[in-house]
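A structural walkthrough
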Amino acid sequence: MQAIDSHTDPMVPVIAKVTRVTRDLSDVVTFEMEAEGWRGFAPGQFNMLSVFGVGEIPISISGPQSDSSKIIHTIRDVGPVSHALASLRTGAVLGLRGPYGTPWPVEAAKGRDVVVVAGGLGLAPVRPILYELMENRGDYGKVTLLYGARSPGDILFAEELRQWRSRLDMGVEVTVDRADPSWHGHVGVVTAHLRGADFDPKATTAFICGPEIMMRFTANGLVDLGVAPGDIHLSMERNMQCGIGLCGHCQLGPHFVCKDGPVFDWAVIKPLMRVKEL
Amino acid sequence: MAIEGLERILAGHPLFANMAPEFLDTLAGCAKNVRFAAGDYLFHEGDDADHIYLIREGQVSLEISAPGRGSMVFQTVASGSVIGLSWIVPPYRWRFDAHARSDLRVIEFDARCVRGKCDADPVLGYAVLKQIMPVLVERLHDTRVQMLDLYSAGN
C-alpha cells in the first residue's frame, strides 16, 4: 500500500480529522479519522500520528481493510503523545503519515488453517486480519482466535469478541490473568489454549501480537505443536520514529522494524530475540 | 467391567497418554467415575489432598480467598486436565479451593492408593511422575508468566 503523498516529503504529515471517538476501556480509545488522499492500507501496517506541539508516535491501524473511507486507530493512554491522542474529540485535527510497514501475509494464509493469538492491546493490530478472515471466510480453513487480557475489565473489543464467539465457523477463547468468581471464562495464560485449539499444525499460518514475552512463548508453543517457524508471524514493536527506515532508532539487528517490519516471521526474528542487547 | 471401562478412559486421557497398559491397569484399581454439579466444591484449602481428579468434562476454577476480597480465581482447568498436585508431596494438603463452574465428570483417584502402589513399585512410581512432571513444569511456567503482569499499561 502506497503512503499518502504528503507534498512529496515523507516526513511532512497530512491533516487528518477525527470523525468519531469510542472509549473502549478506561485508558483505551478507538477513533475514526478521515484524511484527504488516503488510499487504504494492508492489515498490520501503521501510521505515524502527531499531535501538533506534543509529538508523533506510530500506531497500528485497527479497522477493516475493506473500508478505505475511514482510518481507525486504537490507542492506549500511556505517554505524553498517546495521552494527547486519547484526549482528542470529534472534529479535532492531527497529523498523519503513512501507512507504513510490512503487512501481515494474510493472502498467503488462504486455504490454510489460521491461528490468531493476541494479548492485551495486541488485539487491535490483528483486528484487520479478523475482519478479512470473516469477510472471506470460505477462503480459509479452520480459524482460531486466542486472546489474553489482564482481567475481565481489561478485555478489548468485548462486544465484538462476543459476536465472534457466537459464530460457528470460528473458535474463540478468551482468558484473563486474574478474575473474581463472577467471571465465567478462562483464567490463565493464553498459551495454555494452544494445546486445545483445533488446527492442523502442518497447514497453519499463525499471527501473533502482544507483549514480546507473550509472543515469544506463543511462537515457541506453536513450534512445539508442529507449526513451521516460517508460518508464524509476529508484529514487533521498537522505537519507531521516522517510519521510513531513515533514522535508525528502531534498528533490530540488520532490520529496521518500521520498514522491514513491523511484521516478521519467527524464523527471521527468533535469533534476534535471543540477543538481549537488541 | 467397570474397571476395564476406566482403563479405556484413562488411556484416552491426555495425562496418561503413552502410559503402559499394565500401569493403567494397576492405577485403574484406585479410580472411579464421579460427578459434581455446577457450584460444588471438590475440595477446600487446608483439606487433606487424598484425591486426584482428572477432568473428563467441564470446567473447574482454582481459587484462593482473601479477607475483604472474596474468592480470587488464579486458574481455570478444563477437560483433559488434572486438578491439583498436592497429593504427591507431604503433608498432602490442598493449598486452594477447587470450584466446579459447570456440571463436571471426573475420574477420582484415591491418592493414598496411588501413592501406596507407587511406593511398592518404583517403576510405576517413576512412570506416574513422568506423566505428572510436565503438568507441574507447565503450571510453574504459566504462573511465572502470569506474575509478570504482561498486559499492564507499562508493557
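1. Re the overall build of chain B
The helix and strand inventory of chain B stands at four helices and eight strands. Going from N to C terminus, chain B has its helices and strands arranged as α-α-β-β-β-β-β-β-β-β-α-α. Relative to its length of 155 residues, chain B is compact, with a C-alpha radius of gyration of 16 Å against a globular reference of 15 Å. For chain B, the spread of C-alpha atoms along the three principal axes comes to 55 × 30 × 30 Å. Among the 155 residues that make up chain B, the fraction classed as buried is 45%. Across chain B, the fraction of contacts at a sequence separation of at least 24, relative to all contacts at a separation of at least 6, is 73%. Of the accessible surface of chain B, which amounts to about 7,900 Å², a share of 56% is contributed by carbon and sulfur atoms. Positive and negative side-chain charges of chain B, numbering 15 and 20 respectively, have mean locations separated by a distance of 1 Å.

2. Quick word on the overall build of chain A
A tally of helices and strands in chain A yields six helices and 15 strands. Taking 278 residues into account, the globule formula puts the C-alpha radius of gyration at 19 Å, and chain A, at 18 Å, falls close to it. With the C-alpha coordinates aligned to their principal axes, the bounding extent of chain A is approximately 50 × 45 × 40 Å. For chain A, the residues scored as buried account for 54% of the 278 residues in total. Counted over contacts in chain A with a minimum sequence separation of 6, partners at least 24 positions apart contribute 69%. Here chain A has roughly 11,600 Å² of accessible surface; of this, 52% comes from carbon and sulfur atoms. For chain A, the separation between the mean place of its 26 positive charges and that of its 31 negative charges on side chains is 3 Å.

3. Concerning helix α3 (residues 111–120) of chain B
Residues and elements named next belong to chain B. Taken as a whole, α3 has its buried residues at Ala-111, Val-114, Arg-115 and Cys-118. One side of α3 carries all its buried residues, which in axial view fall inside an arc of 95 degrees. Exposed and oriented more than 90 degrees from the buried face of α3 are Arg-112 and Ala-120. Buried-residue contacts for α3 involve α2 (21–28), β3 (51–57), β8 (104–110) and α4 (122–147). Where α3 begins, the side chain of Asp-110 points an oxygen toward the backbone nitrogen of Arg-112, at a separation of 2.9 Å.

Reading guide: rules and limits
- Residues numbered from 1 in each chain as written.
- Chains lettered and ligands numbered in written order.
- Predicted model: local features only at pLDDT ≥ 70, side-chain atom pairs only at ≥ 80, totals over all residues.
- Heavy atoms only, no water.
- Helix = DSSP H or I, 4+ residues; strand = E, 2+ residues; numbered from the N terminus.
- Rg over C-alpha atoms; globule rule 2.2 N^0.38 Å.
- Buried < 20%, exposed > 50% of the residue type's maximum accessible area, 1.4 Å probe, protein only.
- Contact = heavy atoms within 4.5 Å.
- Areas by Shrake-Rupley, 256 points an atom, 1.4 Å probe, with all protein chains shown as cover.
- Lys, Arg positive; Asp, Glu negative; His and termini not counted.
- Charge placed at Lys NZ, Arg CZ, Asp CG, Glu CD.
- Arc of directions from axis to C-beta.
- Polar contact = N/O pair within 3.5 Å; in protein donor to acceptor, adjacent residues only side chain to side chain.

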